[in-house]
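# A closer look at the structure
What follows is the residue order along each chain.
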Amino acid sequence: MRKSVPRTIVADLRTLGRAAPLRAAYELSKRSGFHQVLFRGAPPQHHRATVVPLTTSVPTGPEARQRCLDDARRVRQEGLRVFGQRAATGVTADWSTDPLTGRSWPAHEPWWRIDIRSEARLSDVKYSWEAGRHRDLVVLARAARLDPDGPWCDELTGLLRSWHEQCPPEQGVHWHSSLELALRAISWSQVLALVGERLPVEVVTATERLLLASARHLMIELPYTVSSMRNNHMLGDALGLILLARMFPTARHATRWARTGERMFAAQWRRHLAPDGRMIEDSLSYHRFVLEMLIVRVLLGNAPAQLRRDLHSASLHLARLGVFDGDLPQYGDWDEGRVLASSGDPLDVAGSVALGLVLSGEQVPAQWYAEYDELAWYAPTAPEATAPTTSTRAADRPGTSAAADHGGRSAVGRPGAVVSGGIGYVSRGPWQVWFKVAGGPSHGHADLTSVWVKHDGRWLIADPGTGTYNGPLDVRNGLRTSAAHPVRRPDGQDQLVPHRAFRWLHTASGHLGAPLVLADRTILFGWHDAYARGPRPVRVGRAVVVADAYVAIVEFADEPAAGRRWSLTVPLHPDVTVEGNTLVSGGTKVDLFGLPGHTLVRGRSTPFAGWHSHTYGSWEPATWITVEDRADTTVWGLGAVPGTPQAHALDGLGFAVTWQPTSASLAVTDLLSGEVQHREVPT
């Protein structure tokens, strides 16, 4: 144990870098009692809030209106939505009630004295924070706007009053994270814009006081934010300051809030997004989360032109990957993080992408304004008819025009291939295949060169999900390390090696080439350097071959080594069973080839394996196929492949990789004609 502590400290210091002294001073303030001085009391002067509407849109069609009213009824009757469940927290139980355990966090303790990290903590704090983001209060305000004679405004008033009484400034777990204060401010600003004139004066005044206290808190917490939260947290905190400065322009420090918020937001957004639309946190969930932050900044007005361009590229990235054709692989951490309020499916990312496209100048079908709350409540007025309004087929669902323009597909079954942000996406025949080669820090997983597969719209090989952040560490690491993903591992190594709940001991880079589209097959090739360390370093490559009848994966390594043992996990969707060498899902049967001697793991607790997490906080048994071999080059896959695949040959094609110090080149040879095509992939 004594040896592990110095290693942990060194890893922490390496992660914090030059910000380590600032973080150390912040931690000293918490432990010495100086936080008590910093966070004393409430702001001395009250200011009236200026209404800052994100939009003036109110849906006119019956679909979005009914969806909102139905959701509001569920809020009243069943509670607030928290990770796929309904929680009594705030509705029939105090706001300090933990939705997961039913126990209460300390309600009248300064937030910095409440333990949310150690093994002795009450629970996973994300459950309480999710309820405290108050997006469901926006739903009630919308219902009150749509149905003024309904019970919605009274219900909303009661929830706000109980919050004011139970969550005073700097007391309790809901003041523990600056990001939560910023997200709550965004929700409250929408509530005031929708029904502020109908709320009792004392409720509005109390809300304003807490908003002013939130601005003060965000400013005091800046040392922690800039030293440790150079990610979505910095963007969210900055967005909160920008909004609060506009809500309270007469406040003494409003100009400083605005200036600080704009500088922080600009610095982090430029760091956060790549030109191709990917984001540094390497997570589908956090891509949507940050996308919605960009959307709110645009809706607030006076957004820089470059931000609008980046909003477009970030939206287009997911459109290219097929977000309008169905659910995408849940790569990286998933926790349903939202900034915008919606009564739709929290697992559906498409609505946020559609809004991002609209705000950056794209046209979308009019039907989408009825289908997606993000458009119904936040977008400019719906067009009269820009596309057919009676169909939601993939062919009518852009990203569609945008994705097709960039080599993607616009309908299930229509062949196409696209590479965007380090992820390749191929649609051919009954197959949808994603090949993820790039990685990223923080919320990314150890999943470089993962391959995920759908057949006739059903998941076969699926990302295993997230499970938890703050729950059991064996679950956390059991779903984010390489052993849970469809990647090869030499000698049992992990690509990144986990450190604490969010960090990794190593970094890696992956590189993906342009698709090679043949008449009857589509081929993707990529490689990574995650194992280029230790006594037997090796770089790993993969070619993914998609034909109408099969999907094949050809494995490569740059340095053959005697005695090396390769391990592979193929995580299946929970609905998939295995019968011999056949995968069964519903009425569909698909052959499995190239994995002799494989074993099956399903729902094993120790060591944790054979699970699938649909959303944060839950996991269910799922079959994982595991296999070991000693071949550096091999072929495996799904479907009916003609003949017998060889180590370097498949269905009339030969495959070879030439490795250079900073690149790898795939040669694909037609064994009948001798024609050779190349894909060189540099760093």
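Scroll up a little and you will see the structure.
Given the structure is predicted, the values throughout are model-derived calculations rather than measurements. Note on numbering: residues in each chain are counted from 1, in written sequence order. Given that this is a predicted model, residues contribute local features only at a pLDDT of at least 70 and side-chain atom pairs are listed and counted only at 80 or more, while totals for whole chains, interfaces and linings are drawn from all residues. No hydrogens and no water enter the side-chain calculation; it runs on all heavy atoms of the structure.

### Some points on the sheet that holds strand S5 (residues 431–436)
Pairing between strands is defined by DSSP: at least two bridges between the two strands are required. Numbering of helices and strands runs from the N terminus; a helix is a DSSP stretch of H or I covering at least four residues, while a strand is a stretch of E covering at least two. Strand order in this open sheet of five strands is S3-S4-S5-S6-S7, and the pairing throughout is antiparallel. The two strands at the open ends of the sheet, each matched to only one other strand, are strand S3 (416–420) and strand S7 (458–461). For this sheet, the mean inter-axis angle between neighbouring strands, taken without regard to orientation, is 15°. Inspection of the sheet shows S3 paired to strand S4 (residues 423–428) by five bridges, in the antiparallel sense. What sits directly across from Ser420, in S4, is Ile423. Helix axes are fitted only over the stretch in contact, all axes being lines through C-alpha atoms; the angle between N-to-C directions runs from 0 to 180 degrees.

### Topic: the sheet that holds strand S25 (residues 649–650)
Sheet architecture is open: four strands sit in the order S25-S26-S27-S28, paired in antiparallel fashion. Strands at the two margins of the open sheet, each flanked by one partner only, are S25 and strand S28 (676–682).

### Describing the packing of helix H8 (residues 178–195) against helix H11 (residues 232–247)
Following both chains from N to C, one finds H8 and H11 inclined at 40°, their axes separated by 8 Å at the closest point. When the axis of H8 is compared with that of H11, the two are oblique. Here H8 runs over H11; the crossing is left-handed. Contacts from Ser178, Leu179, Ala182, Ala185, Ile186, Ser189 and Leu192 of H8 reach H11 at Asn232, His233, Gly236, Asp237, Leu239, Gly240, Leu243, Leu244 and Met247. Between 65 and 115 degrees an angle is taken as roughly perpendicular, under 35 as roughly parallel, over 145 as roughly antiparallel, and anywhere else as oblique. Each crossing is labelled by how the near helix is turned from the far one, with a counterclockwise turn of less than a right angle marking it left-handed and a clockwise turn marking it right-handed. By the convention used here, residues are in contact when the closest approach between their heavy atoms is within 4.5 Å.

### Structural notes on the packing of aromatic side chains
Whether two aromatic rings pair depends on their centres lying within 6.5 Å, for rings of Phe, Tyr and Trp, where Trp uses its six-membered ring; planes under 30 degrees apart make the pair stacked, over 60 edge-to-face, and the rest tilted. On inspection of all chains with the given rule, the structure shows 21 aromatic pairs. With 6.4 Å between their ring centres and 80° between their planes, Phe525 and Phe556 make a pair best called edge-to-face. In this pair, Phe525 is assigned in strand S13 (residues 521–528) and Phe556 in strand S15 (residues 550–557), connecting sequence segments 31 residues apart. With relative accessibility at 3%, the residue Phe556 sits in the buried group. Note on Trp527 and Trp659: the rings are 6.0 Å apart at their centroids and 85° apart in plane angle, and the pair reads as edge-to-face. Of the two residues, Trp527 is situated in strand S13 and Trp659 in strand S26 (residues 653–660); the sequence distance between them amounts to 132 residues. A relative accessible area of 2% means that Trp527 is categorised as buried. In this structure Trp659 comes out as buried when scored by relative accessible area, which is 17%. Per-residue accessibility, obtained with a 1.4 Å probe over protein chains only, is compared with the maximum for each type, and a residue is labelled buried under 20%, exposed over 50%, and partly exposed between these values.

### Here's the deal with the nonpolar core
Of all hydrophobic cores here, the largest spans 131 residues; its most connected members are Trp257, Phe324 and Leu375. The greatest single-element share of this core, amounting to eleven residues, is contributed by helix H13 (residues 284–299). Only buried Ala, Val, Leu, Ile, Met, Phe, Trp, Tyr and Cys residues count toward a nonpolar core, and they belong to the same one when joined by side-chain atoms within 4.5 Å. Val433, Val551, Val578 and Ile625 belong to the second largest nonpolar core, which has 29 residues in total.

### Looking at the side chain of Arg121
Of note, Arg121 is situated in the loop between strand S2 (85–87) and helix H5 (126–132). A polar atom in the side chain of Arg121 sits 2.8 Å from the backbone oxygen of Arg117. Excluding its chain neighbours within four sequence positions, the residues that come into contact with Arg121 are Asp115, Ile116, Asn470 and Gly471. Each polar contact in these results corresponds to two N or O atoms within 3.5 Å; when the atoms are within protein, one needs to be able to donate a hydrogen and the other to accept it, and residues that are neighboring in sequence are counted only if both atoms are side-chain atoms.

### Observations regarding the side chain of Asp558
Relative to the helices and strands, Asp558 is located in the loop between S15 and strand S16 (566–571). According to the relative accessible area criterion, Asp558 is buried, its value standing at 15%. Reaching out from Asp558, the side chain makes a polar contact with the backbone nitrogen of Arg539 at a distance of 2.8 Å. With sequence-adjacent residues up to four places away left out, Asp558 is seen in contact with Val538, Arg539 and Trp659.

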